[in-house]
Amino acid sequence: QFNKVSNQLLTYNQAGILGISGIGKTQLARMYAYKHKEQYDIVWFFDCKADLAEQFVGLAKIINSSICKSNGCNLSDTVDTSQKSVIEYLTPQKNWLLVFDNLTINQNQKIKDIIEWQHNGHVILCSQDAKDLPMPIRMTTFDLKDSIEILTKLMGHTKREDIDELAKIFKGNPVLTVKASLFLKDNKYMSPEEYKNILSKSNNQVQTHVELVIKQLNEPTKDFLNKIALLNNQKISKNIMEYIVVDKGDLTEILYNLSRFDIITNTNEVELIFEMHDIIKDAVLELAGGKINQKNANKLLDRF
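In every chain, residue numbers begin from 1 and rise along the written sequence. For this predicted model, a pLDDT threshold of at least 70 governs which residues receive local features, and a threshold of 80 or more governs which side-chain atom pairs are given and counted, while totals over whole chains, interfaces and linings are taken from all residues. Hydrogens and waters are ignored; side-chain quantities use all the structure's heavy atoms.

With that settled, the discussion passes to the overall build of the protein. Secondary structure follows DSSP: runs of H or I at least 4 residues long count as helices, runs of E at least 2 residues long count as strands, and numbering of each begins at the N terminus. The number of helices and strands found in the protein is 16 helices and eight strands. The globule rule used here is 2.2 Å times the number of residues to the 0.38 power, and the radius of gyration it is set against is calculated over C-alpha atoms. By the compact-globule yardstick of 19 Å for 304 residues, the protein fits well, its C-alpha radius of gyration being 21 Å. Projected onto the principal axes, the alpha-carbon positions of the protein cover approximately 60 × 50 × 35 Å. Throughout this description, buried means an accessible area under 20% of the type-specific maximum (1.4 Å probe, protein chains only), exposed means over 50%, and partly exposed covers the range between. Counting over 304 residues, the protein shows a buried share of 47%. Intrachain contacts of the protein at a sequence separation of at least 6 include 67% that bridge at least 24 residues. Surface exposure of the protein reaches about 16,200 Å², of which carbon and sulfur atoms provide 50%. Within the protein, the 38 negative side-chain charges are centred at a point lying 2 Å from the centre of the 37 positive side-chain charges. Contact between two residues is taken to exist if any of their heavy atoms lie within 4.5 Å; hydrogens are not considered. Accessible areas in this description were obtained via Shrake-Rupley with a 1.4 Å probe; residue shielding takes into account the shown protein chains only. Under this rule, positive means Lys or Arg and negative means Asp or Glu; His and the chain ends count for nothing. In this description, the location of a charge corresponds to atom NZ of lysine, CZ of arginine, CG of aspartate or CD of glutamate.

Turning to unusual backbone geometry, a few remarks are in order. Notably, Asp132 is not glycine yet its phi reads approximately 70°, a positive angle. Here Asp132 is to be found in the loop between strand E4 (122-127) and strand E5 (137-138). The backbone phi angle of Asp262 is positive, close to 60°, even though this residue is not glycine. Structurally, Asp262 is set in the loop between helix H14 (251-260) and strand E7 (265-268).

At least two DSSP bridges between two strands are required for those strands to pair. The strand order across the open sheet formed by three strands is E6-E8-E7, and the pairing between neighbours is antiparallel. Two strands close off the open sheet at either side, each with one partner strand: strand E6 (236-237) and E7. Relative to strand E8 (residues 273-275), E6 runs antiparallel, the two being bridged by two bridges. Bridging across to E8, Ser237 finds its partner in Ile273.

Another point: the sheet that holds E5. Ordered by their spatial adjacency, five strands build an open sheet running E2-E3-E4-E1-E5, and the pairing between neighbours is parallel. Strand pairing shows two members of the sheet lacking a second neighbour, strand E2 (42-47) and E5, which therefore form its edges.

With that out of the way, let us pick up the side chain of Asn64. For Asn64, the location among the structural elements is in helix H3 (residues 52-66). For Asn64, a relative accessible area of 15% translates into the label buried. Pairs of N or O atoms within 3.5 Å make up the polar contacts considered here, provided that, within protein, one atom can donate a hydrogen while the other can accept it, and that residues adjacent in sequence are counted only when both atoms are side-chain atoms. At a separation of 2.7 Å, a polar atom in the side chain of Asn64 contacts the main-chain amide nitrogen of Leu75. In this structure Asn64 touches Lys69, Cys73, Asn74, Leu75 and Asp77, once residues within four positions along its chain are discounted.

Attention shifts here to the packing of helix H7 (residues 144-155) against helix H8 (residues 160-170). Relative to each other, H7 and H8 sit at 130°, their axes nearing to 9 Å. As summarised for this structure, H7 and H8 are arranged oblique, according to the angle between their axes. When the axes of H7 and H8 are compared, the crossing they make is right-handed. Side by side, H7 and H8 meet where Leu144, Ser147, Ile148, Leu151, Thr152 and Met155 of the first sit next to Arg160, Ile163, Asp164, Leu166, Ala167, Lys168 and Phe170 of the second. For the contact of H7 with H8, a count of residues per class yields eight nonpolar, two polar and three charged. Angles run from 0 to 180 degrees between N-to-C directions of axes, and those axes are lines fitted to C-alpha atoms, restricted for helices to the stretch in contact. Any angle from 65 to 115 degrees is called roughly perpendicular, while one under 35 is roughly parallel, one over 145 is roughly antiparallel, and all others are oblique. By definition, turning the near helix anticlockwise from the far helix through less than a right angle yields a left-handed crossing, and turning it clockwise yields a right-handed one. Polar here means any residue outside two lists: the nonpolar Ala, Val, Leu, Ile, Met, Phe, Trp, Tyr, Cys and Pro, and the charged Asp, Glu, Lys and Arg; Gly therefore counts as polar.

A separate point is the packing of aromatic side chains. Within a pair of aromatic rings, the relevant descriptors are the distance that separates the centres and the angle that separates the planes. Each pair of aromatic rings taken from Phe, Tyr and Trp, with Trp reduced to its six-membered ring, is defined by centres within 6.5 Å and is described as stacked if the planes are under 30 degrees apart, edge-to-face if over 60, and tilted in the remaining cases. All told, the structure shown has eight aromatic pairs when counted by the stated rule. Consider the rings of Phe183 and Tyr195, whose centres lie 5.6 Å apart with planes at 45°: the pair is tilted. Residue Phe183 is located in helix H9 (residues 174-186), and its partner Tyr195 is located in helix H10 (residues 192-200); the two are separated by 12 residues in the primary sequence. Judged on exposure class, the residue Phe183 and its partner Tyr195 are both buried. Three or more aromatic residues joined by ring pairs form one cluster here, namely Trp44, Phe46, Phe56 and Phe100.

Now for the pairing of E7. When E7 meets E8, the two strands line up antiparallel, connected through three bridges. Counterpart to Thr265 in the pairing with E8 is Glu275. Adjacent in sequence and paired antiparallel, E7 and E8 are bridged by four residues, among which Leu272 carries a positive phi angle near 55°.

In the contact formed by helix H12 (residues 219-228) and H14, the axes pass within 10 Å of each other and the chain directions differ by 75°. With respect to H14, the axis of H12 lies roughly perpendicular. Within the contact between the two elements, H12 uses Pro220, Thr221, Phe224, Leu225 and Ile228 and H14 uses Leu251, Ile254, Leu255, Asn257 and Leu258. A class-by-class count of the residues in the contact of H12 with H14 yields eight nonpolar, two polar and no charged.

What follows is the structure in structure tokens.
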């Protein structure tokens, strides 16, 4: 899939990545951007679950501050006009990459103008829906051999028969394979055998996994997790987190507990930006229930 993304961008200036939630679309786009970052002057990720107009404002401001100072351009950075201004500027330019991520079912129409855009740069579209997506590159689950190799590397000295059985239970699901491996490696209260028996009987393995992780957390961490699951899980800053905890002194321990079980990930170590995978967020909210979610939403609004 990585080679297909590279080839389609070189040939058509556009690549569509298709697959279900948790299959690795975002990770593939990030891998490509990271490996080829030296060839681009601009790399920008759009979260299609959030307001695109505001994100175009951010991109316009970055171009104005980092590029236009030297070449004299000046892009509009208002909500109503920034997208048009950015597109007009980028169309003839080369050496830029835009990634439109988190498109769900029936959402490709939301960026129809981007899909049909003729330009000289590169655009990656990550979607769960094949409709209108040109020549989509399909993400697939891990095969059994790859699953066993990943579990073996992440879980160290676990017995081979347990790893083989876990790989079969996970059915190649990338998110579950990685997060379960880290959970079993770091928790001290459950053996791979116990974990395997619980998940083998589950109809929703990701939710069951999250439930097992939550049982390992103390009350301040559980409360914090339920609250941040209500936010934009693609981009949670530490500054925002400090408004959520009752005692700021607890935040370091809370982040450690959530990070070691791979519930949240630090995606920007300079600005301290964290993210939570969509399917983890959904599982947390489902387990909390409507009453707690409403109560926490009201608390967050009050604090903000």
